[in-house]
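One letter stands for each residue in the lines below.
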Amino acid sequence: MGSEPHQLHLIMIPFLAPGHLIPMADMAKKLAEQGVMITLITTPVSAARMKPVIDRAIAKSNLKIQLVQVPLPLHEFGLPEGCDSVDLVPSRNLLRSFFAALRELQKPIEQVVSELKPSPKCIIADKHLAWTAEIASKFRIPRVLFDGMSCFSLLCTHIIRKTQVHTSVPISIPFVVPGMPDHIEFTRNQLPADLYPNSEDDQDFHNKVREAEEGAYGFLVNSFEELESKYIEGYQKEKVSKTWCIGPVSLFNKTDFEVARRGNNMAATDEKQFTKWLDSWPKSSVVYACLGSVNRLLIPQMIELGLGLETSNRPFIWVVNVNDQQEEIENWILDSGFKERTKSRALLIYGWAPQVLILSHPSVGGFLTHCGWNSTLEGITCGKPMITWPMFAEQFYNQKLIVQILKVGESVGVKFVVQYGQEEKFGVLVFRKDIEEAIDKVMREGIEGEDRRERAERLGDTAKKAIEEGGSSYLNMKLFIEDIRKMDMS
Ligand code: UDP
């Protein structure tokens, strides 16, 4: 890859999970379009997931992006071949080994960085890779964090941590988050793992992440100012580090090819099949249900979801993906007669769905989501009302933003976090009736539903304007680049 003498060169190191990798890849393309040279460092499987879209961008627009692969030491940690992303870890018991292997990437990445030309001027690293702070300090370059959350979430966590307001209330009694621009309540067992850890290991991991966060130069946020201005302002006031809202990053993908293959390398025929199916339904009539890339719902819980979609009596797309229990749920779908009963109005996608392509279609009228931030923002960007089913991480925060603040969704009523890997402890929490009722509220005709839909559509329009020339995120991206460039000159 050739470079000019004053070429600004940035390194990006994503966390190994689709929800972190996908937005980083989107950002890489956009930064490269602005003339920045990007070296994206990741593992072979993650690189393969991004490669088709990145290669196309390089070929079409001559962008300066290189993908450098650093293998995870899988064998040393008893991990099977190919499991170099959280969603590919075959069993919950192996998660600890996965995180231990991840820690070992520091040295090989340092080796890569030492050989890069021109020398990079900044690391954009996922917040959860605390050891990237050591790389930044070794090469004396600033580290800008990306953690895949909204400013609403960042501010909630910051205030709760600072005030410790959650520690003096019983676990399931609501407390008010003090000093927030709106009246915001949570219970302790709705908080993300850094405030509600489920083990000492967990606590230790989050403590390291928090310590490493302190020295960061700033945060790149996948959000836009018009969506959560009060919270962005609030966060900027609280923190010393800079914040640039540059999203929604999903909109950095323009062509159908880019949108459909974002995060995955699907066969070309698939996307046409989905579009054709969606074309056959009226506007806003279809429910799209997808619970993210890493959920591990129990089979009985997945069955309730399927039955809730069935009893909603509406056309639906169900992304059936439970990783290590995939065969079991696929068997149930066939053996129970579910597939036969719903075949005239259901499209089942086993594995990976081209989510943004589906959400962009006018027939989709509601998005049943686990409230991961990418999915939440994609729902907002596509102007779709949401049915919210938060599970873990900061997903209860996102639900609050969707339902209470933006008023573009209804909850299925789940009350508390089930930490990743703890699903068996809690069993079925959401029943078909809950799902059916929440879908009905969002999809049925009437003033309440129409108002919600209009609000959602307006937000979608605003999101699109934010990344257009002169829009808030467009300008923030420029400010970010200028900021790093200035540091480079000094
Ligand atoms: N995604 C997708 N197809 C799927 C599942 C997920 O395209 O079948 C994408 C989705 O569009 C989003 C990301 O994967 O960009 C998931 O990120 P999110 O933060 O919503 O949730 P997570 O998977 O990290 O829990």
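Provided above is the structure to which this section pertains.
Residues numbered from 1 in each chain as written. Predicted model: local features only at pLDDT ≥ 70, side-chain atom pairs only at ≥ 80, totals over all residues. Heavy atoms only, no water.

### Thoughts on the site of the ligand
- Residues in contact with the ligand amount to 18 residues; listed here are only the nearest, Ser293, Ala353, Asn374, Ser375 and Glu378.
- Taking histidine 370, its side chain carries an N or O atom lying 2.8 Å from an oxygen atom of the ligand.
- Within the side chain of glutamate 378, one N or O atom sits 2.6 Å away from an oxygen atom of the ligand.
- Bound to the protein, the ligand loses 94% of the 530 Å² it would expose on its own.
- Of all elements in the fold, only helix H1 (18–33) and helix H15 (373–381) reach the threshold of two or more residues within the shell around the ligand.
- It is H15 that contributes the most residues to the shell around the ligand, 4 residues altogether. (Near = heavy atom within 4 Å. Polar contact = N/O pair within 3.5 Å; in protein donor to acceptor, adjacent residues only side chain to side chain. Areas by Shrake-Rupley, 256 points an atom, 1.4 Å probe, with all protein chains shown as cover. Helix = DSSP H or I, 4+ residues; strand = E, 2+ residues; numbered from the N terminus.)

### A look at the environment of lysine 230
- Mapped onto the elements of the fold, lysine 230 is located in helix H8 (residues 229–238).
- Among the residues examined, lysine 230 registers a relative accessible area of 43% and is labelled partly exposed.
- C-alpha of lysine 230 to C-alpha of alanine 393: the two residues are 163 residues apart in sequence and 23 Å apart in space.
- In contact with lysine 230, other than residues within four places in its own chain, are Pro181 and Asp182. (Buried < 20%, exposed > 50% of the residue type's maximum accessible area, 1.4 Å probe, protein only. Contact = heavy atoms within 4.5 Å.)

### Let's talk about helix H4 (residues 106–115)
- Residues of H4 that are buried include every one of Gln106, Ile109, Glu110, Val112 and Val113, and no others. The buried residues of H4 all sit within an arc of 160° when viewed along its axis, so they share a single face. Every exposed residue of H4 that faces more than 90 degrees away from the buried side is listed here: Lys107 and Glu115.
- Tucked inside the fold, the buried residues of H4 contact strand S1 (9–13), strand S2 (37–42), strand S3 (65–69), helix H3 (95–103) and helix H5 (132–138). (Arc of directions from axis to C-beta.)

### Re the packing of aromatic side chains
- Across all of its chains, the model carries 14 aromatic pairs by this definition.
- Ring centres of phenylalanine 219 and tyrosine 235 lie 6.2 Å apart, and the angle between their planes is 80°; this geometry places the pair in the edge-to-face category. Here tyrosine 235 lies in helix H8 and phenylalanine 219 lies in strand S8 (residues 218–221), a separation of 16 residues in the sequence.
- Geometrically, the ring pair formed by tryptophan 332 and phenylalanine 338 is tilted, given 5.2 Å between the ring centres and 35° between the ring planes.
- Put simply, the rings of Phe15, Phe98, Phe99 and Phe205 touch in pairs and so form one group of aromatic residues.
- Arginine 56 extends its terminal NZ or CZ atom over the ring of phenylalanine 257, reaching a point 3.7 Å from the ring centre.
- Sitting above the plane of the phenylalanine 186 ring, lysine 400 keeps its charged end 5.1 Å from the centroid. (Phe/Tyr/Trp six-rings, centres within 6.5 Å; stacked < 30°, edge-to-face > 60°. Lys NZ or Arg CZ within 6 Å of the ring centre and 35° of its normal.)

### Quick look at the pairing of strand S5 (residues 143–146)
- On S5, burial covers both faces: Arg143 and Leu145 on one face and Val144 and Phe146 on the other are all buried.
- Bridging between strand S4 (residues 122–126) and S5 involves 4 bridges; their strand directions are parallel. Paired with aspartate 126 across the bridge in S5 is phenylalanine 146.
- The handedness of the S4 to S5 crossover, carried by H5, is right-handed. (Pairing = 2+ DSSP bridges. Right-handed = clockwise from strand over helix to strand, strands pointing away.)

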